[in-house]
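Each chain is listed here by its residues.
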Amino acid sequence: MSIEEIQEQIIDEMDLFEDWTDKYEYIIELGKSLKTIAEDKKIDSNKIKGCQSNVWLDANFTDGKVAFTADSDALIVKGLVSLVLKVFSNQTPQDIINANLDFIEKTGLSQHLAQTRSNGLLSMVKQIKFYAMAYSVQGTKS
Amino acid sequence: MPFTEIEIQKIREDFPVLLEKVNGKPLVYFDNAATTQKPKQVVAAIESYYYSSNANIHRGIHHLAEKATASFEATRKALKEFINAAHEEEIIFTRGVTEGINLVANSFGKAFIHKGDEIIISTMEHHSNIVPWQMLCEEKGAILKVIPITDAGEIIFEEYLKLLSPNTKLVAVVHASNALGTINPVAEIIQHAHAVGAKVLIDGAQSASHLEIDVQAMDCDFFAISAHKLYGPTGVGILYGKKALLEAMPPYQGGGEMIKEVTFEKTTYNELPYKFEAGTPNIADVIAFKAAIDYINKLGKKAIAAYEHELLTYATAQLLTIEGLKIIGTAQHKVSVASFVIEGIHHQDLAIILDQQGIAIRTGHHCTQPLMHRLGILGTSRASFSFYNTKAEIDALMVALNKAVKMLR
Ligand SMILES: Cc1ncc(COP(=O)(O)O)c(C=O)c1O
């Protein structure tokens, strides 16, 4: 599926929830079931420091696609991280670079999360794009 | 002695923000240690100043200038009485505790701290009472020493005594900890510091709203307060300093107001307190600060402390019913701060789920990272109570907290 289609799917899913409890329970479930980053990748150079919680992000470039793994020490952030990975993982560097990430806003999640916390996610998205850019340069060279 | 339910309801009417709805639920505001809400009287004082007496102070001869100056100086007098200072000119207006501490670090530090001198702070200090001293020590080649604490969050007094020496020039400690609630034995701390000839600064950010403050009985050399934690406006505070000491200190900032005479060759400085108040101050908020002090005085510190203690005791007992919850800060004497961690649950998740239910608490390191490090935790969740809070609100917190725990486990 394309990045666009995955985002559409997430937005549709989120629309099904009538109240915040269900929505957050869903995100918490996603957080709990996120296949986390390998312990040896949970290092400072992979860490995105937030004000209250941290995110670790690692990337792998194989067969022209970037696979991301990630983790967070807080559960709700981890759930959101899981959604971000769903959108970006196993896409080509070019698609990642060109993607317009709008599902966070369209699902009303940014509204539910105060500025600083959303910003933590935004720095993760920025980091994802950096990886994609690095790999796209690598891709053209080889 | 504490307030009746009817009295609390009347008090709450003075704080319109308490009627706000958050995510469709009534706001429960338990972040009072970060900043308190403002009563109508304080907002009215700001409005009244701008509408009927706005003028620059101390310099004008006209009616408005005199009116504004009188109101401004009335706040100084009210604060002198509030902390029982000996003289009005011992009250210096600042932007808040942080600026007060920086003033002392820069002015007192410049004149009286030298290479090899020692400054003592405690493990539970707010970053505002750590960083200015680190900067000063770095500049002067002085040494920063830290009083250790127990697991309960109390200063280990024998260890403090061991740190004191003729090299100690300053002791800077918090009166009441914002992260733990601990009330420190400041009078004893001061007495022993004075015995070795050191001066003492007390960070009164958290104590001024809860405890009766008597700087003469305490015998501190400096005491810093922020108005915004005292039901007053943001951007205003005071630094109290003993007169003789303030007189011996060089000015902090240069500019208008703090001078007596300026020539290009030499400037002579104004007398206290103006020597330390360069530039046009935050006149409106200083004036409104008095309305906050009047409000507190009307309720009475004794009644406030007794009621808040009741809330703290109730909240602590309720919180402990949650499985895996641990209170962080179990000192014998505490202000109304309940800090806690819950096993297996990240404080950020807790804050998000509570916020969905209209409940405002604070989570994280509370600007006390070295303290969190000492306690071996990344942060806590903190509910801090004011006289306008109620047991019913604590019950609402418990419902919300139980729901959050259920969702997050
Ligand atoms: C114990 C303590 N000290 C200092 C400060 C700093 O106060 P302000 O930010 O008002 O200068 C605070 C405020 O959080 C505090 O709680």
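These lines cover the structure that appears in this document, whether it is placed above or below. Note that the coordinates shown come from a computational prediction; the quantities given were computed from them, not determined experimentally.

### Details of the overall build of chain A
Then, number 1: Along chain A, the regular secondary structure elements total seven helices and three strands.
Then, number 2: Put simply, chain A runs from its N terminus to its C terminus through helices and strands in the order α-α-β-β-β-α-α-α-α-α.
Then, number 3: Taking 2.2 N^0.38 as the reference for a compact globule, 142 residues should give roughly 14 Å; the C-alpha atoms of chain A span a radius of gyration of 15 Å, in line with that estimate.
Then, number 4: Here the C-alpha coordinates of chain A stretch approximately 50 × 30 × 25 Å along the principal axes.
Then, number 5: By residue count, 48% of the 142 residues in chain A fall in the buried class.
Then, number 6: Taken as a whole, chain A presents about 7,400 Å² of accessible surface, with 49% of it coming from carbon and sulfur.

### Comments concerning unusual backbone geometry
Then, number 1: The residue after Leu272(B), namely Pro273(B), is reached through a cis peptide bond having omega -5°.
Then, number 2: If you trace the backbone, Pro273(B) turns up in the loop between strand S12 (267-269) and helix H10 (283-299).
Then, number 3: The backbone of Asp63(A) sits at a positive phi, close to 50°, despite the residue not being glycine.
Then, number 4: Note on placement: Asp63(A) falls in the loop between strand S2 (54-62) and strand S3 (65-72).
Then, number 5: Notably, Asn84(B) is not glycine yet its phi reads approximately 55°, a positive angle.
Then, number 6: Structurally, Asn84(B) can be placed in the loop between helix H3 (63-82) and strand S4 (91-94).
Then, number 7: By relative accessible area, which is 32% here, Asn84(B) ends up partly exposed.

### Section: the interface of chain A and chain B
Then, number 1: Facing the 16 residues of chain A at the interface are 16 residues of chain B.
Then, number 2: Summed over both partners, the interface of chain A with chain B buries about 1,500 Å², with 55% contributed by carbon and sulfur atoms.
Then, number 3: Between chain A and chain B we count zero salt bridges in total.
Then, number 4: Run the count over chain A and chain B and you get five residue pairs in polar contact (both at pLDDT 80 or more).
Then, number 5: Split into classes, the residues belonging to the side of chain A that touches chain B amount to eight nonpolar, four polar and four charged.

Quick notes on the rules
Along each chain, residues carry numbers from 1 onward, in the same order as the chain's sequence is written. Chain labels run from A onward and ligand labels from 1 onward, assigned in the order the entries are written. Confidence filtering applies because this is a predicted model: local features only for residues at pLDDT of at least 70, side-chain atom pairs given and counted only at 80 or more, and all residues used for totals across whole chains, interfaces and linings. The basis for every side-chain value is the complete set of non-hydrogen atoms in the structure, without hydrogens or water. Working definition: helices are DSSP H or I runs of at least four residues, strands are E runs of at least two. Numbering for both runs from the N terminus. In this description the radius of gyration comes from C-alpha coordinates, and the expected globular size is given by 2.2 Å times residues to the power 0.38. Exposure classes here rest on a 1.4 Å probe applied to the protein chains alone. A residue is buried below 20% of its type maximum, exposed above 50%, and partly exposed in between. Working definition of accessibility: Shrake-Rupley area with a 1.4 Å probe, residue cover restricted to the visible protein chains. Contacts are assigned to residue pairs that have any heavy atoms within 4.5 Å of one another. Defined here as a combined quantity, buried area equals the accessible surface (1.4 Å probe) lost by two parts on assembly, summed across both. Within this document, salt bridges are pairs made up of a side-chain nitrogen of Lys or Arg and a carboxyl oxygen of Asp or Glu, the two lying within 4 Å of each other. Under the rule applied, a polar contact is a pair of N or O atoms within 3.5 Å (in protein, one hydrogen donor and one hydrogen acceptor; residues adjacent in sequence only if both atoms are side-chain atoms). Ten residues, namely Ala, Val, Leu, Ile, Met, Phe, Trp, Tyr, Cys and Pro, are considered nonpolar, four, namely Asp, Glu, Lys and Arg, are considered charged, and the remaining ones, Gly among them, are considered polar.

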